[in-house]
Amino acid sequence: MDNRKRMQKQLEFLVDLLALALSNLAGYVFFTLVINRISDYSNNSWREYIIIVLLSYIIIFFCFSSPINLLKRSRSMEFSSTIRNCSLTYALLSVLLLLTKNEIIQSRYLFISGFAGYCVLSCAGRFIIKKIMINILPKSRFATITGIITTVDIGREFIPKLKSDWSKNIKAVALVDTVLENGVYKSCKVQNNNGKNISIDTDEIISNIDDVPVVANLDNLMGWIRTASLDEVYINLSDEYLNILPDYIEELEDMGIVVNVNILSLEKILKESKFDNLSCNVKADVPMAVFSPAVHSPTQMIIKRAIDFIGGLVGSIISIPIILITAVPLLIESPGPLIFKQPRVGKNGRIFYIYKLRSMYIDAEERKKALMEQNKINGCMFKMDNDPRITKVGKFIRKTSIDELPQFWNVLKGDMSLVGTRPPTIDEFEQYESHHKRRLSLRPGITGLWQVSGRSDIQDFEEVVKLDCKYIDNWSVLLDIEILFKTVGVVLTHKGAE
């Protein structure tokens, strides 16, 4: 996360925290001093209440805040995001107050007024900081004084977009495809003629681009930069000007100015790519561009792993007596190993062993080849109706998902997650096309979006991939929790189970 995004996140955190504090303070003052509706609670209860409010706020903010840039959110998106976070904060607050048996939970006046005030003040606060960022900060001393070197056509598209960055104070632009005549800059088109670039003058006067004044062209470019107050310069040029770039960049660096240069080869790739998550680093003295189809917050990924560890531990403990009870009829019907261990393909192709209660006869894998013609899934998965390899007890534990219980051990080990994508077998993985592998870019899970969207009703593998990629692109801790709740409903109703 760069400094600008970090500062935006910090401002958002402080504004919401201030809104929460003011709403509770206002509710307390009004219902204590103006209308006496709040009982005299002990100092310990109030101290505990304040700690719980802060804890609830911090957990919800860092787990469920919108990953979309603050300035790019629409009003409706901002409103729904704010109301959601406010509601989740007070929902968690209620649970923690009940668990700690705090007496202030009885004060419905404080609770309702605090929640309502928090929603209103948080929405207003976010609207205000966005206005400040867009209209005031670019003109303040905190903004980075910026100059631009570009062409007329590129500048008309590039400059308005760059102006949306509140951390930039764009002072002026130099247009390399202009000529200076009688104190005004005129457009000068560059054309290729038998391998040579030639300039053709036009009568179009260019005094500014999106209200950013034009102050130089290629002839007086360095003279302007030497005398101007600039923190950084953006160079956005087409390939006709590649030969002049090294000298200008070196001279700008010598002046101590930060230089940002467009990478022509990457522009084409980025325009044609479905993804726009790009970062650049220097590795082994070579500038490298990093493309990623989905970027997930490290903080949220840590929270996901913490939830997995706790869930895996609790699930493993709860599963032990259920497995022991199930083992008796299962082994009587089909002698053999109780636990079925099979190599599966995990995150980005890693091989691990998945554990399940054995629901099939011990020769199931050998009989699979003979049954492939009855596969009802179109693609790289196998599933059939009335699979003869499944035992009677196996049908029951599959329908109730009891066979999945040993996978809590996989979650505890870190091979799997509570929520993720279905891990394929090695032979399924070997049939994958390139786009199929993207479903393995997160840890596989015991449950997932596919499992709660119909499971056995979905008979096209491409639909499974589509759902898995949708989960990966939109992943959040809140989405995991939503899927876990849906999974409980699916297990209880046996919807889509076989």
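Here, every reference points to the structure presented above.
Within every chain, residues take consecutive numbers counted from 1 along the sequence as written. Only residues with pLDDT of 70 or above have their local features reported here, since the model is predicted, and side-chain atom pairs are shown and tallied only from 80 upward, although totals for entire chains, interfaces and linings are computed over all residues. To obtain the side-chain values, all non-hydrogen atoms of the structure were used and water was disregarded.

(A) Layout of the pattern of salt bridges. Each salt bridge in this description consists of a side-chain nitrogen of Lys or Arg and a carboxyl oxygen of Asp or Glu lying within 4 Å of one another. Evaluation of the coordinates by the stated rule reveals 16 salt bridges. With its nearest N and O atoms 3.3 Å apart, the salt bridge here joins E12 to R126. One end of the pair, E12, is in helix α1 (residues 3-34); the other, R126, is in helix α4 (residues 108-135), and 114 residues separate them in sequence. Residue class for R126 comes out buried when judged on its relative accessible area of 1%. Of the charged contacts in the structure, one is a salt bridge between E181 and K186, with a shortest N-O distance of 3.3 Å. Per-residue accessibility, obtained with a 1.4 Å probe over protein chains only, is compared with the maximum for each type, and a residue is labelled buried under 20%, exposed over 50%, and partly exposed between these values. Of the residues examined, K186 reaches a relative accessible area of 18% and is grouped as buried. A single network of salt bridges, built from pairs that share partners, joins E12, D16, E78, R126 and K130. Strands are runs of DSSP state E lasting at least two residues, helices are runs of H or I lasting at least four, and both sets are numbered from the N terminus onward.

(B) Inspection of the side chain of Q342 at higher detail. Within the element layout of this structure, Q342 appears in strand β12 (residues 339-345). Not counting the four nearest positions on each side in its chain, Q342 is found in contact with F352, Y353, I354, E365 and T425. Two residues form a contact once any of their heavy atoms are found within 4.5 Å.

(C) A look at the pairing of strand β8 (residues 232-236). Within β8, 5 of the 5 residues are buried, which leaves it mostly tucked inside the rest of the structure. Residues of β8 alternate between two faces, with E232, Y234 and N236 on one and V233 and I235 on the opposite face, all of them buried. When strand β1 (residues 144-150) meets β8, the two strands line up parallel, connected through 5 bridges. The residue bridging T150 from the neighbouring strand is N236, located in β8. In this description, strands pair whenever DSSP reports at least two bridges between them. Taken together, the 4 bridges between β8 and strand β9 (residues 258-261) define a ladder with parallel strand orientation. Counterpart to V233 in the pairing with β9 is V259. Clockwise travel from the first strand over the helix to the second, with the strands pointing away from the viewer, marks a crossover as right-handed. Handedness of the β-α-β unit built from β8, helix α7 (residues 245-254) and β9 comes out right-handed.

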